[in-house]
Amino acid sequence: MNKLESFVYNRVKNNYIVKNALRNLYQGFYDLLPNNPSRFSVNPIVRENSFFGFHDCNPFSMDGTKHLAYRLHIPLRMPDKDDLLEVGYWTGKDYEQWVRIGETGAWNYHKGSRLQWINGKECIYNNVVNGVLKSTIADVHTGEKRVIDWAIDTVSPDGRLATTFSYERLQEMMPGYGYLYGDSDAYMGEKVSDHTGLFIVDLERNSRKMLLSLSQIAAFQPEESMKDTFHFVTHTEFSNDNRYLAFLHRWYKGTFRRTRLVVYDMEKGKIHVSPTTGMVSHYHWNGENGIVAYCRMEDVDSHVYFSSQEMTEWKRCGYPMLNSDGHQHFIDNDWFLVDTYPNKWRHCKLYKVNRKTDEVVLLADVKSPKQFVAPDQDHWWKCDLHPRSDMEGRWASFDSVHTGQRCLCIMPLLLSTVNN
């Protein structure tokens, strides 16, 4: 964002209705002017009517030969309960061969069905069985499947555990991130509850236990703004050594919205809370138990690197060049991918950033056509790039709509740049 955009944004950012209205007006003016095409450092492999979803999971198999994804079979509209999403993976020399795993009725455009690898041969995705939210583990070699009794959010790196929470509660507060099905853990009549919160699922035993209730989370270092607000958790992610579990704790009331990042030490049972001032949107772990997060520190919004799980020491990354929200994914311990939301020209950018040196490398400048703007909170079909990489840092994977259709893009991770 330029200085004028930052000035206006900082005054409306806490009211999403006003913020979105001004954004639409601003972008609408630039729609009348000539626009540039999308540009890439290297032309990506493009698979139309396919996508992966969120930035926190690695869609590539351990050997790099498979890329998990979905295939769409409906036009651009919100799904209903009869609309099934095809689940599978791309494989082959240029990821040109589609292999179907199954289908699911528990999905959305942002996070899909939380499809992710458990190990070298098994993946998991959320599903609906007889009208009840569950998840399915599939062996991609044998085709064998087994059902887990709860919808999951994130699997631990060792493949043993998964997180879960109320998707009905999430859907109520963040339409387009949950599913069209209710669940027994919602307790919608309780703004903060002892009965629901963050759960851990043992995938081997198909058992579940509550890790932290919403009441416990809200009671730890409580803030005055939490009173008389609706609490929920979302965006969970395990550290690479399986010891720590991070999540976003959110409390909303109307247009009032606050978020903090919480890290739970699963060995010591200790809770750490980010020293942020009201806002955390996205984050990702590296292999050194450091976290990069887009958040508000000392009342300045930026990408911040916390050097430990306690989140007591921090630095801004790529600031002020990177001064707008985005989704991060670490390539290695120092470099991470991050995208931007559509600017005034409706272009999203994909960057490679060094959290130590603040070097910022532009990898792609991608057009996002107007029809993919979410018109309101109940029609959440926009497409963020949500960048991911494989474990070796050879490939970048992201979703895009630059062709006029939602598509999956796979691009070699090179240091060549696109001219600004």
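Note on numbering: residues in each chain are counted from 1, in written sequence order. The model is predicted, so local features are restricted to residues of pLDDT at least 70 and side-chain atom pairs to those at 80 or more, both for listing and for counting; the totals for chains, interfaces and linings are taken over all residues. Only hydrogens and water are removed before side-chain values are computed, so all heavy atoms of the structure are retained for them.

Peer 1: Can you help me understand a nonpolar patch on the surface in this one?
Peer 2: To count toward a patch, a residue needs a relative accessible area above 30% and no salt bridge. Like charges then connect within 9 Å, nonpolar side chains (Val, Leu, Ile, Met, Phe, Trp, Tyr) within 5 Å. With residues, only the protein chains shown are counted as cover, and all accessible areas are computed by Shrake-Rupley using a 1.4 Å probe. The term salt bridge refers to a pairing of a side-chain nitrogen on Lys or Arg with a carboxyl oxygen on Asp or Glu at a separation within 4 Å. Residues I17, V18, L22 and L25 make up a contiguous nonpolar surface patch of roughly 360 Å² in combined accessible area. Counting through the fold element by element, L22 comes out in helix 2 (residues 16-30). With a 1.4 Å probe rolled over the protein chains alone, any residue whose accessible area is under 20% of its type maximum counts as buried; one over 50% counts as exposed, and the rest are partly exposed. Residue L22 is classed as partly exposed on the basis of its relative accessible area of 37%. Runs of E in the DSSP output that reach at least two residues are strands. Runs of H or I that reach at least four are helices, and both are numbered from the N terminus.

Peer 1: I tried to follow the sheet that holds strand 3 (residues 50-51) on my own but got confused; where do I start?
Peer 2: Within a sheet, neighbouring strands are paired by backbone hydrogen bonds and run either parallel or antiparallel to one another. If you walk across this open sheet you meet the 4 strands as 3-4-5-6, and the pairing is antiparallel. Lying at the two open borders of the sheet, with one neighbouring strand each, are strand 3 and strand 6 (97-104). Summarising the sheet, strand 3 and strand 4 (residues 66-71) pair through 2 bridges and their orientation is antiparallel. Bridging across to strand 4, S50 finds its partner in R71. When DSSP finds two or more bridges between two strands, those strands count as paired.

Peer 1: Which parts of the structure should I look at to understand the sheet that holds strand 12 (residues 197-202)?
Peer 2: On the basis of which strands lie adjacent, the open sheet formed by 3 strands has the order 11-12-13 and antiparallel pairing. The open sheet has two edge strands, strand 11 (161-164) and strand 13 (207-213), and neither has a second partner. Shown here is a sheet whose adjacent strand axes are inclined to one another by a mean of 25°, direction ignored. Bridging between strand 12 and strand 13 involves 6 bridges; their strand directions are antiparallel. Looking at the pairing, G197 lines up with S213 of strand 13. Axis geometry follows a simple rule: fit a line to the C-alpha atoms, using only the stretch in contact for helices, then measure angles between N-to-C directions, giving values from 0 to 180 degrees.

Peer 1: Whenever I open this one, the pairing of strand 14 (residues 230-238) confuses me. Can you help?
Peer 2: The two faces of a sheet get side chains in turn, since along a regular strand they alternate between them. For strand 14, the buried fraction is high: 9 of the 9 residues fall into the buried class. Of the pairings in the sheet, the one linking strand 14 to strand 15 (residues 244-253) comprises 7 bridges and is antiparallel in character. Within the sheet, the bridge partner assigned to F238 lies in strand 15 and is L245. What sits between strand 14 and strand 15 in their antiparallel hairpin is a turn of 5 residues, with N242 showing a positive phi close to 70°.

Peer 1: Can you walk me through the pairing of strand 23 (residues 335-339) in this structure?
Peer 2: The buried fraction of strand 23 amounts to 5 of the 5 residues, a majority that puts the element mostly inside the structure. Linking strand 22 (residues 328-330) to strand 23, which pair antiparallel, is a turn of 4 residues.

Peer 1: Would you mind going over the layout of surface pockets with me for this structure?
Peer 2: Any residue with an atom within 4 Å of a point lines the site, the site being either a cavity, points on a 1 Å grid over the protein atoms alone where a 1.4 Å probe fits but cannot get out, or a pocket, an open set with protein on both sides within 12 Å along at least 5 of 7 lines. Grid points are joined across faces, edges and corners, and a volume is the space filled by probe spheres set on the points. For the second largest pocket, the calculated volume is near 750 Å³. Along its surface, the second largest pocket is lined by 29 residues, and D56, N58, P157, N240 and M391 are the ones closest to its centre. Only Asp, Glu, Lys and Arg are considered charged in this grouping, and only Ala, Val, Leu, Ile, Met, Phe, Trp, Tyr, Cys and Pro are considered nonpolar; every other residue, Gly among them, is considered polar. A class-by-class count of the residues in the lining of the second largest pocket yields 12 nonpolar, 13 polar and 4 charged.

Peer 1: Even after reading the chapter, I still don't get the packing of aromatic side chains, so can you show me in this structure?
Peer 2: Geometry of an aromatic ring pair is reported as the spacing of the ring centres plus the angle between the planes. Side-chain rings of Phe, Tyr and Trp (the six-membered ring for Trp) are treated as a pair once their centres are within 6.5 Å; stacked means planes under 30 degrees apart, edge-to-face means over 60, and tilted covers the remaining angles. Evaluation of the coordinates by the stated rule reveals 12 aromatic pairs. When the centroid spacing of 5.4 Å and the interplanar angle of 80° are considered together, the rings of W107 and Y109 count as edge-to-face. Y109 shares its class with W107; the two are buried. Linked through ring pairs, F60, Y95 and W395 together constitute an aromatic cluster. Our definition puts a charge over a ring when NZ of Lys or CZ of Arg is within 6 Å of the ring centre and also within 35 degrees of the ring normal. Above the face of the Y181 ring, K81 is positioned so that its terminal group lies 4.7 Å from the ring centre. The aromatic ring of Y319 is capped on one face by R316, whose charged end is 5.7 Å from the ring centroid.

Peer 1: Mind showing me how you'd approach the pattern of salt bridges here?
Peer 2: When charged atoms on two side chains of opposite charge get close, those side chains can pair. Using the criterion set out here, one finds 25 salt bridges in the structure. We note a salt bridge from D265 to R243, for which the minimum N-O separation is 2.8 Å. With D265 in strand 16 (residues 256-265) and R243 in the loop between strand 14 and strand 15, this residue pair connects regions lying 22 residues apart in the sequence. Taking the relative accessible area as the measure of exposure, D265 reaches 3% and is therefore buried. Across the pair R355 and D334 runs a salt bridge whose closest N-O atoms are separated by 3.2 Å. Highlighted residues: R355 in the loop between strand 24 (347-354) and strand 25 (360-367) and D334 in the loop between strand 22 and strand 23, separated in sequence by 21 residues. Overall, the relative accessible area of 9% leaves R355 in the buried class. Shared partners join several salt bridges into a network, and the residues in it are D56, K111, R114 and D153.

Function cannot be read off these values alone, since they describe shape.
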